[in-house]
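Now for the letters of each chain:
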Amino acid sequence: MLKTLVAGAGLALLTAMPAFAACTDISSTTIALTGCIDSEWQAIEGTGAQEFSYLTADQNFGLMLITEKETIPAAQFRDAIIQNAITGSGGTADDVKIVRERIINVDGKPFNVVEYTIPNSGQPILFQNFYYSAPGYGSLQILAYSLETDATASAFRAGIFAATAKIGG
């Protein structure tokens with residue numbers, strides 16, 4: 001029985017290996033960050049501090065990695081994220097709805113996460129912004145977005161990248 005379980009587990013790992021291999025390695029030129037971008041993502045042109053930007057082929061999901069050399073205190077970082085959401089949406093503070101906040105670990109580092117929606121012609125867009133900053137490191141945002149109705153799938157896709165991310169030296 002144990003040999004059967006071990007053999008089955010081995011086959012499952014071999015079957016899963018191509019999924020892990022189907023990605024592109026990335027390395028930031030701004031901060032100490034490496035990771036692997038799943039093959040479903042297509043690179044697009046980013047702006048500003050968006051060092052890496054991606055969309056899925058159907059354009060239903062987006063992923064951005066925003067890197068900066070500056071260290072930003074967590075409360076100030078969060079406020080800047082929300083202010084950028086207000087400005088980017090062209091709306092007011094009332095248009096940006098905070099859905100939830102939490103802390104998760106990415107490569108052993110505590111990332112704050114703020115999820116918020118912005119209006120979009122009756123189809124709200126949900127942003128899941130994972131952010132981290134530390135002295136001597138700089139700042140990183142892993143920003144996933146999709147229609148609000150696709151929030152779980154979007155978080156899963158962001159998690160695939162986050163599982164490969166290496167933060168720091």
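Just so it is clear, the model here is predicted, and its values are computed rather than measured.

### Thoughts on the overall build of the chain
Here is step 1 of the chain: Along the backbone of the chain there are 3 helices and 10 strands.
Here is step 2 of the chain: Taken from the N to the C terminus, the helices and strands of the chain come in the order α-β-β-β-β-β-α-β-β-β-β-α-β.
Here is step 3 of the chain: For the chain, the proportion of its 169 residues judged to be buried stands at 36%.
Here is step 4 of the chain: When contacts within the chain are restricted to residue pairs at least 6 apart in sequence, long-range pairs at least 24 apart make up 46% of them.
Here is step 5 of the chain: With the model as given, the accessible surface of the chain reaches about 9400 Å², and the carbon-plus-sulfur share is 58%.

### Some details on the state of the cysteines
Here is step 1 of the chain: With the rule as written, the count across this model stands at 1 disulfide.
Here is step 2 of the chain: The partner cysteine of Cys23 in its disulfide is Cys36, sulfur to sulfur 1.6 Å. Judged by the sign of its S-S torsion, about 95°, the cystine formed by Cys23 and Cys36 is right-handed. With Cys23 in strand β1 (residues 23–27) and Cys36 in strand β2 (residues 33–38), this residue pair connects regions lying 13 residues apart in the sequence.

### A short note on the packing of aromatic side chains
Here is step 1 of the chain: Scanning the entire structure with this criterion turns up 5 aromatic pairs.
Here is step 2 of the chain: Clustering of aromatic rings is evident, with ring pairs tying together Phe111, Tyr132 and Tyr137.
Here is step 3 of the chain: Looking at Arg157, its charged tip hangs above the ring of Phe61, at a distance of 3.9 Å from the centre.

### Notes on the sheet that holds β1
Two pairing modes exist for strands in a sheet, parallel and antiparallel, and in both the strands are linked by backbone hydrogen bonds.
Here is step 1 of the chain: Spatially, β1-β2-β10 is the arrangement adopted by the 3 strands of the open sheet, whose pairing is antiparallel. The open sheet has two free edges, formed respectively by β1 and β10 (166–167), since each of these has just one partner strand.
Here is step 2 of the chain: With 2 bridges connecting them, β2 and β10 associate as antiparallel partners. Along β10, the bridge assignment pairs Leu33 with Ile167.
Here is step 3 of the chain: Relative to β2, helix α3 (residues 151–162) is tilted by about 135°, and along the sheet it contacts β1 and β2.

### Describing the layout of surface pockets
Here is step 1 of the chain: Estimates place the volume of the largest pocket at around 460 Å³.
Here is step 2 of the chain: Of all elements in the fold, only β5 (61–68), α2 (74–89), β7 (109–118), β8 (125–134) and β9 (138–147) reach the threshold of two or more residues within the lining of the largest pocket.
Here is step 3 of the chain: At 8 residues, the largest contribution of residues to the lining of the largest pocket is made by α2.
Here is step 4 of the chain: Classifying every residue of the lining of the largest pocket gives 13 nonpolar, 8 polar and 1 charged.

### Regarding the side chain of Asn129
Here is step 1 of the chain: Counting through the fold element by element, Asn129 comes out in strand β8.
Here is step 2 of the chain: Of the polar contacts made by the side chain of Asn129, one reaches the side chain of Gln141; its length is 2.8 Å.
Here is step 3 of the chain: Setting aside its immediate chain neighbours within four residues, Asn129 contacts Ile81, Asn112, Val113, Val114, Tyr116, Gln141, Ile142 and Leu143.

### Looking at unusual backbone geometry
Here is step 1 of the chain: The residue Gln59 is not glycine, and still its phi comes out positive at about 60°.
Here is step 2 of the chain: Mapped onto the elements, Gln59 comes out in the loop between β4 (50–56) and β5.
Here is step 3 of the chain: In this structure Gln59 comes out as exposed when scored by relative accessible area, which is 58%.
Here is step 4 of the chain: Unusually for a residue other than glycine, Ser121 sits at a positive phi of about 50°.
Here is step 5 of the chain: Locating Ser121 in the fold gives a position in the loop between β7 and β8.
Here is step 6 of the chain: Ser121 sits in the exposed class, given a relative accessible area of 79%.

### Side note on the confidence of the model for the chain
Caution is warranted with low-pLDDT regions, since their predicted coordinates should not be read in detail.
Here is step 1 of the chain: Scored by pLDDT, the chain comes out at a mean of 88, with 87% of its residues at no less than 70.
Here is step 2 of the chain: Long-range and interchain partners of residues 1–19, a stretch whose pLDDT sits below 50, account for 1 contact in this model, where long-range means more than four residues apart.

Each value, and the rule that gives it
- Starting afresh in each chain, residues are numbered from 1 along the sequence in its written order.
- The predicted origin of the model limits local features to residues at a pLDDT of at least 70 and limits the giving and counting of side-chain atom pairs to 80 or more, whereas totals for whole chains, interfaces and linings rest on all residues.
- Only hydrogens and water are removed before side-chain values are computed, so all heavy atoms of the structure are retained for them.
- The helix and strand labels rest on DSSP assignments: H or I over at least four residues marks a helix, E over at least two residues marks a strand, and numbering proceeds from the N terminus.
- Think of it in three bands: with a 1.4 Å probe and only protein chains considered, a residue is buried below 20% of the maximum accessible area for its type, exposed above 50%, and partly exposed in between.
- We call two residues contacting when some pair of their heavy atoms lies within 4.5 Å.
- The method behind every accessible area is Shrake-Rupley, applied with a 1.4 Å probe, and residues are considered shielded solely by the protein chains displayed.
- Put simply, a disulfide is two cysteine sulfurs that come within 2.5 Å.
- Note on aromatic contacts: the rings of Phe and Tyr and the six-membered ring of Trp form a pair at centre separations within 6.5 Å, being stacked when their planes are under 30 degrees apart, edge-to-face when over 60 apart, and tilted otherwise.
- Here, a charge over a ring means that NZ of Lys or CZ of Arg falls within 6 Å of the ring centre while also lying within 35 degrees of the ring normal.
- Here, any two strands with at least 2 DSSP bridges between them count as paired.
- Only the stretch in contact is used when fitting a helix axis, every axis being a line fitted to C-alpha atoms; angles between N-to-C directions are given from 0 to 180 degrees.
- Residues are said to line a cavity or pocket when one of their atoms sits within 4 Å of a point; the points come from a 1 Å grid over protein atoms alone, cavities being sets where a 1.4 Å probe fits but cannot get out and pockets being open sets with protein on both sides within 12 Å along at least five of seven lines.
- Grid points are joined across faces, edges and corners, and a volume is the space filled by probe spheres set on the points.
- When residue character is reported, Ala, Val, Leu, Ile, Met, Phe, Trp, Tyr, Cys and Pro are called nonpolar, Asp, Glu, Lys and Arg charged, and the others, Gly included, polar.
- Each polar contact in these results corresponds to two N or O atoms within 3.5 Å; when the atoms are within protein, one needs to be able to donate a hydrogen and the other to accept it, and residues that are neighboring in sequence are counted only if both atoms are side-chain atoms.
- Scored from 0 to 100, pLDDT records how confident the predictor is in each individual residue.

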